[in-house]
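# Architecture at a glance
Here's the letter readout for the chains.
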Amino acid sequence: MERCALFWKSNKFGNHGRQRDPCGFSFFASTSHDETQLQLESNQDYDIFERGGRALAVSLDIANAFNSLPFGVIREALEFFGVPLYLRRIVGSYLEGRQVAVVNGQGEIVRHPVLCGVPQGSVLGPFLWNISYDWVLRGALLPGMRLFCYADDTLVVASGGSFGEVAQLAMAGTRLVVGRIQALGLRVSLDKTEALLFHGPRMGPPSGAALVVEGVRISVASSMKYLGLVLDGRWNFEPHFKSLEGRLVRAAGALGKLLPNLGGPCQSVRRLYCGIIRSMALYGAPIWDDALIRRTNRTPVHTTGQRLSGPRD
């Protein structure tokens, strides 16, 4: 298994020279949530926004993604990327003969064969998912359409002039991507899918704007949570900082209730707690650091810091 992992970590997929799609950012060296967000932000043409252009982002929710990927898709991906036959046989043996045992209503143990799912907790799991899901990212896209992905978090972005133009492109592009995801044997929960319009000043979406994909109505919201950040149409991050304040206070309150029999945390433990809160507060900082110029964004951060500062020993 370690040899298989080293093979994929080198990003050299066999002798065919086939590389993963650059729009996929998960589980590889020098890729992270921040890299995905930075790539998304850097692809926004702010000059177009100032001239009245728009970009509509649709975040797809894949139901039970890692447990639903068929083994056959994994085998095809290994062959496509030119993985040596002996390694394909090792992985095939690793996936073969898996079963799940359940107790039925009569108290009997019933075994069912497992035919899908990336083995989680394994060093191979992330790489098997990446090379299998890469097929979705390699598909042809419509003009004005881009695709971003971190693990199973897939974002379809359509750019254009008027809202009607980007809405039509987003619906067509989303149907295209959803079809490719379904062809892998996965299922998209369209009722949990979110949409957000990136726009210039006073160019927001019409009231009640929505997309319709496969008969499901997807409302265009004023904000959308993606990879742990709350994005808004102007990249101001006001919704993110407003939600961050409450989360930090709740987390600090939960930590403060620990160690009650010892009279509360000592100074060293309190420093540990502060480190936890700090890591939560600074998550995604390379993305939103410029947004702290706005006073409305700084205020929740300062207020939270004052509320969390406790007396010293």
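Quick caveat: nothing in here was measured; it's all calculated off a predicted structure. All residue numbers refer to positions counted from 1 along the written sequence of the respective chain. Residue-level local features of this predicted model are given only where pLDDT is at least 70; pairs of side-chain atoms are given and counted only at 80 or more, and the full residue set underlies all totals for whole chains, interfaces and linings. Calculated side-chain values reflect all of the structure's heavy atoms, with hydrogen atoms and water omitted.

With that out of the way, let us pick up the pairing of strand 9 (residues 223-226). Within a regular strand, the side chains alternate between the two sheet faces. The rule is simple: take the accessible area with a 1.4 Å probe, protein chains only, and divide by the maximum for that residue type; under 20% is buried, over 50% is exposed, in between is partly exposed. In this description a helix means any DSSP run of H or I spanning at least four residues, a strand means any run of E spanning at least two, and both kinds are numbered starting from the N terminus. Burial along strand 9 is one-sided: the face carrying Met224 and Tyr226 is buried and the face carrying Ser223 and Lys225 is not. Pairing of strand 9 with strand 10 (residues 229-232), which is carried by four bridges, proceeds in the antiparallel orientation. For methionine 224, the partnering residue across the bridge sits in strand 10 and is leucine 231. Hairpin connection of strand 9 to strand 10: two residues between the antiparallel strands, including leucine 227 at a positive phi of 55°. Here, strands pair whenever DSSP counts at least two bridges between them.

Take the sheet that holds strand 8 (residues 216-221) next. Taken together, six strands build an open sheet; the order of strands is 4-5-1-6-8-7 and the sheet is mixed. Sheet topology places strand 4 (145-150) and strand 7 (210-213) at the edges, where each strand pairs with a single neighbour. Direction aside, the axes of adjacent strands within the sheet are offset by 25° on average. In this sheet, strand 5 (residues 153-160) lies alongside strand 4 in antiparallel orientation, the contact comprising six bridges. Residue pairing for strand 5: phenylalanine 148 is matched across the bridge by leucine 155. As a rule, the C-alpha atoms of each element are fitted with a line to give its axis, helices using only the stretch in contact, and angles between N-to-C directions run from 0 to 180 degrees.

Moving on, we get to the packing of aromatic side chains. Two rings belonging to Phe, Tyr or Trp (six-membered ring only in the last case) form a pair when the distance between their centres is within 6.5 Å. Interplanar angles under 30 degrees mark stacking, angles over 60 mark edge-to-face geometry, and anything in between is tilted. Summed over the entire model, instances satisfying the criterion amount to six aromatic pairs. Ring plane angle 80° and centroid distance 5.2 Å describe the contact between phenylalanine 241 and tryptophan 288, whose orientation is recorded as edge-to-face. A residue pair is termed long-range when its members are at least 10 positions apart, and phenylalanine 241 in helix 9 (residues 238-256) and tryptophan 288 in helix 11 (residues 285-288) qualify at 47 residues. We classify phenylalanine 241 as buried; its relative accessible area is 1%. Given a relative accessible area of 4%, tryptophan 288 falls into the buried group. Among the aromatic residues, ring-to-ring pairing joins Phe66, Trp129 and Tyr133 into one connected group. Sitting over a ring, as applied to charges here, requires NZ of Lys or CZ of Arg to be within 6 Å of the ring centre and within 35 degrees of the ring normal. The aromatic ring of tyrosine 94 is capped on one face by arginine 98, whose charged end is 4.7 Å from the ring centroid.

In this section: the environment of alanine 170. In this fold, alanine 170 is placed in helix 8 (residues 163-183). A relative accessible area of 1% places alanine 170 in the buried class. Measuring from C-alpha to C-alpha, the distance between alanine 170 and alanine 57 comes to 7.6 Å, with 113 residues separating the pair along the chain. Contact between two residues is taken to exist if any of their heavy atoms lie within 4.5 Å; hydrogens are not considered. Those residues within four positions of alanine 170 in sequence are excluded, and the remaining contacts are Leu56, Val58, Ala158 and Leu211.

This part covers the pattern of salt bridges. The term salt bridge refers to a pairing of a side-chain nitrogen on Lys or Arg with a carboxyl oxygen on Asp or Glu at a separation within 4 Å. Summed over all chains, the structure comprises two salt bridges. Taking the shortest distance from any N to any O, the salt bridge between arginine 294 and glutamate 238 comes out at 2.4 Å. Of this pair, arginine 294 sits in the loop between helix 11 and helix 12 (295-308) while glutamate 238 sits in helix 9, and the two are 56 residues apart along the sequence. The exposure class assigned to glutamate 238 is partly exposed, which follows from its relative accessible area of 23%.

Let us now look at the packing of helix 7 (residues 125-137) against helix 8. Their axes nearest at 8 Å, the elements helix 7 and helix 8 cross at an angle of 145°. Like other packed secondary-structure pairs, helix 7 and helix 8 cross with a definite hand, here right-handed. Contacts between helix 7 and helix 8 involve Tyr133, Trp135 and Val136 on the former and, on the latter, Val177, Arg180, Ile181 and Ala183. In the contact of helix 7 with helix 8, the residues fall into six nonpolar, no polar and one charged. Working rule for handedness: look at the near helix, and if it is turned counterclockwise from the far one by less than a right angle, call the crossing left-handed; if clockwise, right-handed. Just so you know the grouping, Ala, Val, Leu, Ile, Met, Phe, Trp, Tyr, Cys and Pro go in nonpolar, Asp, Glu, Lys and Arg go in charged, and all remaining residues, Gly too, go in polar.

This next bit is on the confidence of the model for the protein. On average, the protein scores 80 in pLDDT, and the residues at 70 or more come to 79%. Segment residues 11-17: pLDDT under 50, and 21 contacts once partners within four positions in sequence are set aside and those in other chains are kept. In predicted models, pLDDT denotes the confidence assigned by the predictor to each residue on a 0 to 100 scale.

Since the α-helix turns once every 3.6 residues, residues separated by three or four places project in the same direction. Along helix 5 (residues 71-80), the residues classified as buried are Phe71, Val73, Ile74, Ala77 and Leu78. Down the axis of helix 5, the buried set is contained in an arc of 155°. They therefore lie on one face. Away from its buried face, by an angle of more than 90 degrees, helix 5 presents the exposed residues Glu76 and Glu79. In the segment just after helix 5, glycine 82 is the residue with positive phi, at about 70°. Working note: the arc is built from the helix axis to C-beta atom directions.

Attention shifts here to helix 8. Residue count minus one, scaled by 1.5 Å, sets the expected span of a helix. For helix 8, with 21 residues, the first-to-last C-alpha span of 30 Å sits near the 30 Å given by 1.5 Å per residue. Within the sequence span of helix 8, burial applies to Phe163, Val166, Ala167, Leu169, Ala170, Met171, Gly173, Thr174, Val177, Val178 and Ile181. Backbone geometry just downstream of helix 8 places glycine 185 in the positive-phi region, at approximately 95°.

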